[in-house]
Amino acid sequence: MFPEYDVIVVGAGHAGCEASYASATMGSKTLLITLDMTKIAQMSCNPAMGGVAKGQIIREIDALGGMSGIISDKTMIQFRMLNRSKGSAMWSPRCQSDRAKFTEAWRLALENVPNLDFWQDMVAELIVKDNRVCGVITGMGLEIKAKSVILTSGTFMNGLIHIGEKRIGGGRMGEKASTGITEQLVELGMEAGRMKTGTPPRIDGRTLNYEVMEEQKGDENPSKFSFSDETQSLTTQRSCFITYTNTEVHEILQTGFEQSPMFTGRIKGLGPRYCPSIEDKINRFADKDRHQIFVEPEGWDTVEIYVNGFSTSLPQDVQYKAIKKIPGFENCKMFRPGYAIEYDYFPPTQLKPTLETHLIENLYFAGQINGTTGYEEAACQGLMAGMNAHQKVHEKPNIILSRADAYIGVLIDDLVYKGTDEPYRMFTSRAEYRISLRQDNADIRLTEKGYNLGLASQKRYDDLQAKKQKIADLQHILKDLKASPEEINPTLEILETSPIREKVIIGNLLKRPEITIENLAKNYIPFANVLAEFPIQVSEQVEIHYKYDDYLQKERNMAMRFQELEDLMIPDSFDYSKVQALSAESRQKLPKMRPKTLGEASRISGISPSDISILMVFVGR
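Treat the numbers as computed from the prediction; the structure is a model and nothing was measured.

**Description of the overall build of the chain**
Here is step 1 of the chain: Along the chain, the regular secondary structure elements total 21 helices and 22 strands.
Here is step 2 of the chain: Taken against the 2.2 N^0.38 rule, which gives 25 Å for 621 residues, the C-alpha radius of gyration of the chain at 26 Å falls within 12% of a compact globule.
Here is step 3 of the chain: Structurally, the chain occupies a C-alpha span of about 80 × 70 × 50 Å along its principal axes.
Here is step 4 of the chain: Per-residue burial over the chain gives 57% buried out of 621 residues.
Here is step 5 of the chain: Counting every atom, the chain has about 26,400 Å² of accessible surface; 48% of that belongs to carbon and sulfur.
Here is step 6 of the chain: Distance from the positive charge centre (74 side chains) to the negative charge centre (82 side chains) of the chain: 1 Å.

**Some thoughts on the nonpolar core**
Inside soluble globular proteins, nonpolar side chains tend to come together where they are buried.
Here is step 1 of the chain: Counting 111 residues, the largest nonpolar core has Ile8, Trp106, Leu185 and Ile408 as its most contacted members.
Here is step 2 of the chain: If you tally residues by element for this core, the top one is helix α10 (residues 375–393), at 9 residues.
Here is step 3 of the chain: Discounting chain neighbours no more than four positions away, the residues touching leucine 185 are Leu126, Leu151, Met190, Phe346, Ile360, Leu363 and Phe365.
Here is step 4 of the chain: Residues Leu492, Ile506, Leu520 and Val542 belong to the second largest nonpolar core, which totals 25 residues.

**Some remarks on the layout of surface pockets**
Here is step 1 of the chain: What the second largest pocket holds in volume is close to 1,500 Å³.
Here is step 2 of the chain: In terms of lining residues, the second largest pocket is bounded by 47 residues, among which Ile536, Gln537, Val538, Ser539 and Glu540 are the most central.
Here is step 3 of the chain: At the level of elements, α12 (442–452), α13 (458–480), α16 (517–523) and α18 (536–566) are the ones that each hand at least two residues to the lining of the second largest pocket.
Here is step 4 of the chain: Per element, the largest residue contribution to the lining of the second largest pocket is 10 residues, and it comes from α18.
Here is step 5 of the chain: When grouped by side-chain class, the residues that make up the lining of the second largest pocket number 16 nonpolar, 14 polar and 17 charged.
Here is step 6 of the chain: Counting the residues that make up the lining of the second largest pocket, at least three belong to each of domain 1 (202–337) and domain 2 (459–552).

**Some words on the packing of helix α2 (residues 54–64) against helix α3 (residues 68–75)**
Here is step 1 of the chain: Where α2 contacts α3, the axes come no closer than 7 Å and their chain directions differ by 115°. In terms of orientation, α2 and α3 fall into the roughly perpendicular class. Contacts between α2 and α3 involve Ile58, Ile61 and Asp62 on the former and, on the latter, Ser68, Gly69 and Ile70.
Here is step 2 of the chain: Classifying every residue of the contact of α2 with α3 by side-chain character gives 3 nonpolar, 2 polar and 1 charged.

**Quick word on the domain arrangement of the chain**
Here is step 1 of the chain: In terms of domain boundaries, the chain breaks down into domain 1 (202–337), domain 2 (459–552) and domain 3 (571–618).
Here is step 2 of the chain: If you average the C-alpha positions of domain 1 and of domain 2, the two centres end up 43 Å apart.

Procedures and definitions
Residues numbered from 1 in each chain as written. Predicted model: local features only at pLDDT ≥ 70, side-chain atom pairs only at ≥ 80, totals over all residues. Heavy atoms only, no water. Helix = DSSP H or I, 4+ residues; strand = E, 2+ residues; numbered from the N terminus. Rg over C-alpha atoms; globule rule 2.2 N^0.38 Å. Buried < 20%, exposed > 50% of the residue type's maximum accessible area, 1.4 Å probe, protein only. Areas by Shrake-Rupley, 256 points an atom, 1.4 Å probe, with all protein chains shown as cover. Lys, Arg positive; Asp, Glu negative; His and termini not counted. Charge placed at Lys NZ, Arg CZ, Asp CG, Glu CD. Core = buried A, V, L, I, M, F, W, Y, C linked by side-chain atoms within 4.5 Å. Contact = heavy atoms within 4.5 Å. 1 Å grid on protein atoms, 1.4 Å probe; cavity = no way out; pocket = protein on both sides within 12 Å on 5 of 7 lines; lining within 4 Å. Points joined across faces, edges and corners; volume = space filled by probe spheres on them. Nonpolar A, V, L, I, M, F, W, Y, C, P; charged D, E, K, R; others polar. Domains from an automatic or database assignment. Axes fitted to C-alpha atoms, helices over the stretch in contact; angles between N-to-C directions. Parallel < 35°, antiparallel > 145°, perpendicular 65-115°, else oblique.

This is the structure in structure tokens:
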């Protein structure tokens, strides 16, 4: 019934969709297996994509040739660029999405990939021979052979839903859990753990009083995620709203603490530190008498509302009593209560940087199975796992993005070398080179890589080359464009910055924090005439070059020093036990993780700089 596939992807969440799209587009015969084909790329939690650091990841996925940016653009109902008041390294795109249209758009995109087949079933077991995965066995007992398998199980592996004292087996509300694989992998020698996440109640938007809430509109001139011209910016947008909890809400919630699965110990897994449940927030931050609530519409054509900031697993009657005390929610009707969900994950230090497991060859993990949280973190792992599975099957080089290449590289490097014992979330602070790893230059950093791998299209590559040429042209013009004090000082006075006393190169004025390309063009006509020939994406890059060139050069120097360690290879046969000068922790961890380079070894948790210096001597430095 089935041919032998190059790649089988198990699970059709955000990681599974990107994994199957990548491997199939690059040329591998791919099968996507999911429990329910109507739930492909389901937004299980909030209907939004991007945000701080997460928006950078979506742009990187898009630059490499993945689909999350395009799907987000096609289905967004609002767009905002966060952190505009800060430096450009902190700017982060975020959109509010139409939940139903997002799922539909992903399914249509996958159905248009020629090398991709679908099968609706549960995967109950992996076929493993001589520590190599050879396929899967489904819940219906079907054996499907494959050269590689990517597990993207999300919250489904032994998923357990908690609402107060109620416990329901399931991967999402109304969907059954997946069983069997965890037990098999543990028996084969892998380590597993439990994590938890949660979701808030869904509310009938017709029953809310928006007049007492603060309206949060989208950007006046919205941008988008994808660098391609396949998508367009929004012309109309839906607003979100902000309200707050209060002491009365908190007091009602506290009446349910004795039935809370989190406080009574029924939930064993750790939840996300940076997106806690409302009961966790009022317990941990008892000094605060209110917490922010974001009221987010679920789409263009639905009245359903997502109550961001009110995730909870308290009994549903307590949830309902408490939420009705939030300003604007006094007469609300609930569609369904919030709940927590516990699920299996595998500590990601058991993976190579390609996301292939150390123990079982050609088996890859991506998404929440690796201990991450968030659609964006899952999607980029799926993309990299799909690319690497294709490369391995076709005996091509591995694809590993470094910490200096992309936020994706930072995320995977953190996971496989540092590990995580709580749901991992990406932040800009995790990236050492965040001035270089901006959302605006993801195409310059990554599109050529995606094109050379057969994922990004020829048009994407051609558009990038044209953009780079225009950037160079504008930089050249600004080096020669000069102004005398008489010409430019009136403009500088308007912009409230110091006048000049001698002729100045216009480009150098952009180094001043008070001056931007936009406000200079508005007030100095010769400059405006020059800019008229260039799109905003080009002028933006040139402005950043002038403002941050010194900082960017420092990061380039840091990256070069980092690369020196990356280039020092450790032989596969190296015997750490014979190096008595190494710490006991290093002698224990290094043989287990088998880093390929001194750079990889230096990022393993517990490996000290002195241990790296010792290894330098022994590997021939």
